[in-house]
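As a plain string of letters, each chain reads:
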Amino acid sequence: MSHIFYFFYGLLLCLSLLCEVFVVTWNLHWRGGFAWDRSLLHFNWHPVLMVSGLVILYGNAAIVYRIPFTWKQRKLVCKLVHAGMMFVALLLSMLGLSAVFDFHQGVNIPNLYSVHSWVGISTVFLFSSQWILGLVGFLLPCSPPWIRSSLKPVHIWMGKMILIFSLASCISGINEKLLLTLNGMSAAMYSELPVEAVFVNFLGMLIVAFGVSVFGILFVKKWQRPEDGSENARLLLTEVTP
Ligand code: HEM
């Protein structure tokens, strides 16, 4: 069974790499590269950091518990890896947001006017709340077992919702950027499908394929980490064995 998992996991890693290569190439090759100076090049960090943090790293962190070789590890180790990866994802998304806010401020564009920005800001708000609740509920030693067990289904459901929000934010952001740039200041309109548009439409498809693969892996019950009460059982074992 685990070789089927590793086949899909390999596919997920390939999609992760392709999404990264596509989003960086788009901004390097067609959008002029990167800067941190409130210019148009400052904006280019936004898609790269959002896709890297809220899609690729987030999706990979979501399936950490499903990787069979992690089942030999203590659950606490998995929890720390999951929380650590989510923390880096959160940091990247905050940086990505600051890139677009700083750019808007630099060139006097109003903030939070589009449907993309509304869905996007809700995504980051939900993600931050989920991370803090996860930390308090699952990692603080003082949190009682009844809190953990009642929080777990909500945490899993919210985690999936946040990924859907992230995918919707990315697709709407890509579409908005292509409409704004190609229709506003480029030789060929979006509807004429210049090479940039084809390339970036592919990026959108890759992001959707990545999201579908994460959900595919989360959907298969057999790939869930065996629930053996390992933490408590291990503690008990170390207490009774000399
Ligand atoms: C999870 C991913 C994303 C989130 C959470 C997100 C969030 C946001 C937010 C909150 C804003 C508003 C900033 C402001 O008003 O100053 C914004 C702006 C923008 N984003 Fe994203 N974004 C994401 C991905 C992307 C991607 C992949 C692109 C592709 C280029 C993109 C393109 C844009 C554009 C063009 C704007 C400026 C216009 C506007 O405010 O709608 N975004 N984004």
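This text follows the structure it describes.
Quick caveat, the model's predicted, so the values are computed rather than measured. (Residues numbered from 1 in each chain as written. Predicted model: local features only at pLDDT ≥ 70, side-chain atom pairs only at ≥ 80, totals over all residues.)

(A) Representation of the overall build of the protein. Tallying secondary structure elements over the protein gives eight helices and zero strands in all. Going from the N terminus to the C terminus, the protein shows its helices and strands as α-α-α-α-α-α-α-α. Each of the three principal axes of the protein carries a C-alpha extent, and together these read 75 × 40 × 25 Å. Of all 242 residues assigned to the protein, the portion counted as buried reaches 25%. Here the analysis covers contacts within the protein between residues at least 6 apart in sequence; of these, 77% occur between residues at least 24 apart. (Helix = DSSP H or I, 4+ residues; strand = E, 2+ residues; numbered from the N terminus. Buried ≥ 20, exposed ≤ 12 C-beta atoms within 10 Å, placed from the backbone. Contact = placed C-beta atoms within 7 Å.)

(B) Inspection of the site of the ligand at higher detail. In the vicinity of the ligand there are 26 residues, among which Ser114, Ser117, Gly120, Gly173 and Lys177 approach most closely. Listed by contribution, the elements that provide at least two residues to the shell around the ligand are α3 (45–62), α4 (75–106), α5 (115–139) and α6 (145–185). Ranked by residues supplied to the shell around the ligand, first place goes to α6 with eight residues. When grouped by side-chain class, the residues that make up the shell around the ligand number 13 nonpolar, 11 polar and two charged. (Near = placed C-beta within 6 Å. Nonpolar A, V, L, I, M, F, W, Y, C, P; charged D, E, K, R; others polar.)

(C) Helix α1 (residues 2–30), seen in detail. Along its 29 residues, α1 runs 41 Å from first to last C-alpha, staying within 8% of the 42 Å computed at 1.5 Å per residue. As for α1, its buried residues are in contact with α3 and α7 (195–219). Directly after α1, the chain includes glycine 32, whose backbone phi takes a positive value near 90 degrees. (Expected span 1.5 Å × (residues − 1).)

(D) Structural context of α7. End to end, α7 covers 36 Å across 25 residues, agreeing with the expected 36 Å (1.5 Å per residue, within 8%). Where α7 is buried, its residues meet α1, α3 and α6.

(E) Geometry of the packing of α6 against α7. As a packed pair, α6 and α7 sit with axes 11 Å apart at the nearest point and diverge in direction by 175 degrees. Judged by the inter-axis angle, α6 sits roughly antiparallel to α7. Residues Lys160, Leu163, Leu167, Cys170, Ile171, Ile174, Leu178 and Leu182 of α6 form the contact with α7, whose own contacting residues are Ala197, Val200, Leu203, Gly204, Ile207, Val208, Gly211, Val214 and Leu218. In the contact of α6 with α7, the residues fall into 14 nonpolar, two polar and one charged. (Axes fitted to C-alpha atoms, helices over the stretch in contact; angles between N-to-C directions. Parallel < 35°, antiparallel > 145°, perpendicular 65-115°, else oblique.)

(F) Just the nonpolar core, in detail. Counting residues in each nonpolar core, the largest one holds 38 residues, and the members touching the most others are Cys19, Val51, Val55, Leu203 and Ile207. Listed by contribution, the elements that provide at least two residues to this core are α1, α3, α4, α5, α6 and α7. Looking at which element gives the most residues to this core, the answer is α3, with 11 residues. Discounting residues that sit within four places of it in the chain, cysteine 19 has contacts with Val51, Val55, Ile56, Leu203, Leu206, Ile207 and Phe210. (Core = buried A, V, L, I, M, F, W, Y, C linked by C-beta atoms within 7 Å.)

(G) Inspection of the environment of alanine 209 at higher detail. Among the secondary structure elements, alanine 209 is positioned in helix α7. Considered as a pair, alanine 209 and leucine 12 are 197 residues apart in the sequence and their alpha carbons are 8.8 Å apart.

(H) Summary view of unusual backbone geometry. The backbone of asparagine 108 sits at a positive phi, close to 60 degrees, despite the residue not being glycine. When you line up the elements, asparagine 108 lands in the loop between α4 and α5. Note on asparagine 108: 6 C-beta atoms within 10 Å, which makes it exposed. Positioned with a positive phi, leucine 112 is a non-glycine residue whose angle comes to about 50 degrees. For leucine 112, the position within the fold is in the loop between α4 and α5.

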